[in-house]
Amino acid sequence: MAVLKMQRLGICAWKKNRKQILELLQRRGVLDIDTDSAEDEVFKKTDTSREQGRFEQNIQLIEGALEILKKYVPEQKSIFSSLEGKTQVDSQEYRKMESAGEVLLKKAERIENLSGEIKECEEGIRSLENERDSLDPWKNLQTPMDFPGTKKTRAIIGTFPGQILLEQLCESVERALPEGAGYYAEVVFADNAQSGVFILAKKEDAAGLEETLRSEGFSRPSRQEHTKPLARQEELTREIEKLTEKKKALEQEMLSFGEEREELKLAADYYRIRRERYEILGSLLQSKRTFLVTGYVPEKNADALAKELSGKFSLALELADPQKEEEPPVLLANRTVPSSFEGVVAAFGLPKKGEIDPTTVMSACYIFLFGLMLSDAAYGFLVFAGCLAALLKFPRMEEGMRKALRMFMYCGISTMFWGVMFGSYFGDVVDVVSENFFGKKITIPALWFVPLNDPMKMLVYSMLFGVIHLFLGLAMKGYMLLRDRKYLDFVCDVVFWYLLLGGLILILLPSEMFRSISQMEFVFPPTLNFFAKFAAVFGAAGILLMSGRERKNWFLRVALGAYDLYGVTSWLSDVLSYSRLLALGLATSVIGTVINSMGAMLGSGIPGAIGFLLVFLIGHSVNIGINLLGAYVHTNRLQYVEFFGKFYEGGGRPFNPFCIKTNYVEIKEENE
């Protein structure tokens, strides 16, 4: 377990070499550059927001074009594509973007324009189709919709709500016209929603007639066409066909841009890298002819970086250890197995200054507890085999994903171990299959015991593992105090607690209460019983008198000690938290057993075997998914709350080097 030692790097160089130096630092990716340096009369910061904004616009333009291509030219990706890692490109191909970038930006603009034109065509087609459909009921009308009438007559064309018959229409017209007045009426269409009518009346009677009809629900059409409905429909059909052909041509042009996808991705990352560079440039202090770069570099990389910079550029460079008041960024460095669990530590918080890296110890506890919660050998094998296969199949996957898969692979090994110890293989599938399909029950015996048959024993051991885990956390605190030569604090804050808690445990074990709960009997010699009581009393007295040792007032000191002594109840609740080891282990086993029993209810024979297989596959897939999530969440909780709560605070600033950050490609560096 280690936090890499950092060194402070300071560079003063000529501004003419600024671009090359920043490019080199970005490629090496080992310097966490200070971005909050204060200006003075000589050294000022340069405003690069305009350049950053321009690059950001370019990125957004290309990203928008890529999103459009996803819709029209979907990528053919496997379900494991997220594990494949980024596409590798060599540095020469990347440098081509300096000249090809503008061309690709124009292509991205064309893609966006094509998308806009296609949408316009689609909207136009929808609008024309709606108009055509609205004219469909009127296609039998032999006049245009805006037909005014003849020299002596006026046409009234419109709709009534609901269905209306010709006789009803004539009655309404005759009631509105003077007696004996002539007219012509026709029901063009009628359905349950509305009816369309055509009425021809004398000009002098038409206004009064239409006013009367409006009182009965009549209304004119919203769209007044100058051609007959049927002829207008034919015109609309021709316009729709033209727009459809145009849309197809635009989509065909869009398809041709599918070949540009990879170059567009590279261009997006190219502008992303340049934006990052200008962002850093805007945070650097610069004079008329020089500029300054300061930051933290891991000690193991410091000399190599300093030699490379000094050998290529004319500059002043200084390496030094951080000052006592400084808090350098944190970069963890662990061996293969513990490094897989660095993400768990980082999710809680990296070690702050003065703290140790708990990853190695925590990883061993994590593996142990995770396997104990899942505790099925078959499930563990599936997790182990799946993670191992992915790691071997996709050697270039991103480091974060690689660490996560390695973590679950190790947890799968632990799960296999505990499954064998408890005799769990897909629950009791061996028993059920052998008895149901072969007529003879075969059981793979547990190497230790079956928790389902002896839950109290499992509960006791869960508590035991919890006590060991908590005591280990307290030991980590003691190690840090001894390392810092705080011997009094070690005695008061660690030794006294060990005496109190250890004494209480030794007092509890031979008690009648513990015997009745655990069905286990402990008989200690009188000397050990006396020592347990003495240790508990001595530890409690030490905590009572020394927890508030910074206070000179003895009353206040004892009060603080009493409050601290009350914290023994939190130890009890912490130990009880480990009952989740029993709960999750039993949940995995019980649900698996129920699934097997449900499958066996379908009987034997070929139909029963097929039914059992379906229930088995679906049920155990759900069970392993649910309990994997449960084991992950609760193992994290035991680390974060119970274990870390005894010695670890976190809060360190993560090491954030100035490096090449891309979304799509990985740039292969040339050997220099």
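Residues numbered from 1 in each chain as written. Predicted model: local features only at pLDDT ≥ 70, side-chain atom pairs only at ≥ 80, totals over all residues. Heavy atoms only, no water.

An unreviewed UniProt entry annotates the protein as V-type ATP synthase subunit I originating from Candidatus Blautia faecigallinarum. Within the UniProt record for the protein, the comment given under Sequence similarities (unreviewed entry) is "Belongs to the V-ATPase 116 kDa subunit family." (UniProt positions renumbered as here; feature names shortened; annotations may be inferred.)

A separate point is the overall build of the protein. The helix and strand tally for the protein stands at 23 helices and 11 strands. Expected size for 672 residues packed as a compact globule is a radius of gyration near 26 Å; at 40 Å, the protein overshoots this value by more than 25%. Principal-axis analysis of the C-alpha atoms places the extent of the protein at approximately 130 × 85 × 65 Å. Considering only contacts in the protein between residues 6 or more positions apart, those separated by 24 or more positions represent 81%. When the accessible area of the protein is evaluated, it comes to approximately 35,900 Å², of which 58% is carbon and sulfur surface. Considering the protein, the positive charge centre built from 80 side chains and the negative charge centre built from 87 side chains are found 6 Å apart. (Helix = DSSP H or I, 4+ residues; strand = E, 2+ residues; numbered from the N terminus. Rg over C-alpha atoms; globule rule 2.2 N^0.38 Å. Contact = heavy atoms within 4.5 Å. Areas by Shrake-Rupley, 256 points an atom, 1.4 Å probe, with all protein chains shown as cover. Lys, Arg positive; Asp, Glu negative; His and termini not counted. Charge placed at Lys NZ, Arg CZ, Asp CG, Glu CD.)

A few words on the nonpolar core. Among the nonpolar cores identified, the biggest contains 72 residues, and Phe341, Met362, Tyr366 and Leu581 are the most heavily contacted of them. The element contributing the most residues to this core is helix H16 (residues 455–483), with 11 residues. With near-sequence residues (within four places) excluded, Phe341 lies in contact with Thr359, Met362, Ser363, Tyr366, Ile367, Met407, Tyr410 and Cys411. (Core = buried A, V, L, I, M, F, W, Y, C linked by side-chain atoms within 4.5 Å. Buried < 20%, exposed > 50% of the residue type's maximum accessible area, 1.4 Å probe, protein only.)

Below, the discussion takes up the pairing of strand E5 (residues 153–161). In summary, the side chains of a regular strand alternate between the two faces of the sheet. With 7 of 9 residues buried, E5 lies mostly within the body of the structure. Alignment of E5 against strand E7 (residues 194–202), held across 9 bridges, turns out to be antiparallel. Across the sheet, the residue bridging to Gly158 is Val197, located in E7. (Pairing = 2+ DSSP bridges.)

Two quantities define a packed helix pair, namely the angle between the axes and the distance from one axis to the other. The contact between helix H12 (residues 359–374) and helix H14 (residues 399–422) brings their axes to 7 Å, and the two run at 50°. In this view, H12 runs oblique relative to H14, as classed from their interaxial angle. In terms of crossing hand, the pair formed by H12 and H14 is right-handed. Facing Tyr366, Ile367, Phe368, Phe370, Gly371, Leu372 and Leu374 of H12, the residues of H14 in contact are Met407, Phe408, Tyr410, Cys411, Ser414, Thr415, Trp418 and Phe422. (Axes fitted to C-alpha atoms, helices over the stretch in contact; angles between N-to-C directions. Parallel < 35°, antiparallel > 145°, perpendicular 65-115°, else oblique. Left-handed = near helix turned anticlockwise from the far one by under 90°.)

Looking now at helix H9 (residues 299–312). Given a rise of 1.5 Å per residue, 14 residues ought to cover 20 Å, and the 21 Å separating the end C-alpha atoms of H9 matches this to within 8%. Along H9, the residues that are buried comprise Ala302, Leu305, Ala306, Glu308 and Leu309. (Expected span 1.5 Å × (residues − 1).)

The grouping of Val450, Leu452, Val590, Val594, Met598 and Met601 at the surface amounts to a nonpolar patch, some 520 Å² of accessible area in total. Residue position: Val590 is located in helix H22 (residues 579–600). Take Val590: its relative accessible area is 35%, and that puts it in the partly exposed class. (Patch = residues over 30% accessible without salt bridge, like charges linked within 9 Å, V, L, I, M, F, W, Y side chains within 5 Å. Salt bridge = Lys/Arg side-chain N within 4 Å of Asp/Glu carboxyl O.)

Another point: the packing of helix H2 (residues 49–72) against helix H7 (residues 229–256). At a closest axis distance of 10 Å, the pairing of H2 and H7 adopts a crossing angle of 115°. By the criterion of interaxial angle, the relationship of H2 to H7 is roughly perpendicular. Judged by the sense of rotation from one axis to the other, the crossing of H2 with H7 is left-handed. Counted together, Ile68, Leu69 and Tyr72 of H2 and Glu251, Met254 and Leu255 of H7 form the full contact between these two elements. Classifying every residue of the contact of H2 with H7 by side-chain character gives 5 nonpolar, no polar and 1 charged. (Nonpolar A, V, L, I, M, F, W, Y, C, P; charged D, E, K, R; others polar.)

Attention shifts here to unusual backbone geometry. Working note: non-glycine residues mostly have negative phi, and peptide bonds are mostly trans. With a phi angle near 45°, Ser375 is a residue other than glycine that sits in the positive phi range. Counting through the fold element by element, Ser375 comes out in the loop between H12 and helix H13 (377–393). With relative accessibility at 8%, the residue Ser375 sits in the buried group. Of note in this structure, Phe426 is not a glycine but carries a positive phi near 50°. As for its position among the elements, Phe426 is in the loop between H14 and helix H15 (429–438).

All right, on to the pattern of salt bridges then. A pair can form between side chains of opposite charge whenever their charged atoms are brought close. According to the stated counting rule, one finds 41 salt bridges in the structure shown. Notably, a salt bridge pairs Asp136 with Lys139, separated by 3.9 Å at the nearest N-O pair. Of the residues examined, Asp136 reaches a relative accessible area of 37% and is grouped as partly exposed. Lys247 serves as the salt-bridge partner of Glu251, at 2.9 Å between the closest nitrogen and oxygen. Here Glu251 pairs with Lys247, and both are found in helix H7, just 4 residues apart, close to one helical turn. According to the relative accessible area criterion, Lys247 is buried, its value standing at 18%. One salt-bridge network, in which partners are shared between bridges, spans Glu131, Glu225, Arg232, Glu235 and Glu239.

This next bit is on the sheet that holds E5. Read across the sheet, 3 strands follow the order E5-E7-E6 without closing on themselves; strand pairing throughout is antiparallel. Only two strands of the sheet have a single neighbouring strand rather than two, namely E5 and strand E6 (183–190). Going across the sheet, the axis of each strand differs from the next one's by a mean of 15°, ignoring polarity. Sheet strands in contact with helix H5 (residues 166–176) are E5, E6 and E7, and its direction is about 140° off that of E6.

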